Amino acid sequence: MKYSRSLKPVAFVACLIPLGQLLYNAWTNDLTANPIEFITHFTGDWTLIFLLLTLSVTPLRKILGWNELIKFRRMLGLFAFFYALLHFSTYMVLDHFFDFPAIAKDVIKRPYVTAGFTGFVLMIPLAITSTAAMIRRLGNAGSSYTVWFTSRLSPASFISTGW
């Protein structure tokens, strides 16, 4: 069954629904009494959801026997990075307005910020190397590299969200 070609655009649009919801909430002034906190938590929660979806692709593929599912993993991972980037940008721009000394103090002072920052930094090489050309260039080494980064990224994300 070759559904991935027709399902990929549907999945792509579905992955944008949280962003649409956030923009709609902003448009209708429905971001709660503390909009920066709402946006920060909203984007952080969706980062974690997409990270979990990305990590669940391989086990689901093996359980369901639907090998086409693997073709969605890169897209889901990039959406995890997209929402992490929105989360980090909200923190850096809206919450601290580029006050780098305050951000550095916050990263050192608050363990959940440290964990979140670590998770975000670990996602950057994964996003950069997710292009088809980079995947070909890395070859088999890329597979172990991805596993190494993801195994460290996942706990950092959970620590940041659950603290």
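Residues numbered from 1 in each chain as written. Predicted model: local features only at pLDDT ≥ 70, side-chain atom pairs only at ≥ 80, totals over all residues. Heavy atoms only, no water.

1. Brief notes about the overall build of the chain
As a reminder of what qualifies: A run of H or I in DSSP becomes a helix once it reaches four residues, and a run of E becomes a strand once it reaches two; helices and strands are each numbered from the N terminus. Only protein chains enter the calculation, and the probe is 1.4 Å; a residue is then buried if its accessible area is under 20% of its type maximum, exposed if over 50%, and partly exposed in between. Contact criterion: two residues are considered in contact whenever any of their non-hydrogen atoms come within 4.5 Å of each other. Note on areas: Shrake-Rupley with a 1.4 Å probe; residue coverage comes only from the protein chains shown.
Across its full length, the chain holds seven helices and zero strands. Across the chain, helices and strands are ordered from the amino to the carboxyl terminus as α-α-α-α-α-α-α. Here the chain, with 163 residues, has 33% of them falling under the buried criterion. Across the chain, every contact between residues at least 6 apart in sequence was considered, and the portion connecting residues at least 24 apart equals 67%. Within the structure as shown, the chain displays about 10,300 Å² of accessible surface, and the carbon and sulfur contribution to it stands at 70%.

2. A few points about unusual backbone geometry
One non-glycine residue with positive phi stands out, namely Asn 29, at about 55 degrees. You can see Asn 29 is positioned in the loop between α2 (17-27) and α3 (35-64). According to the relative accessible area criterion, Asn 29 is exposed, its value standing at 73%. In this structure, Phe 98 is a non-glycine residue whose phi angle is positive, near 60 degrees. Here Phe 98 is to be found in the loop between α4 (73-95) and α5 (100-109). With relative accessibility at 40%, the residue Phe 98 sits in the partly exposed group.

Such coordinate-based values are descriptive only and should not be taken to indicate function.
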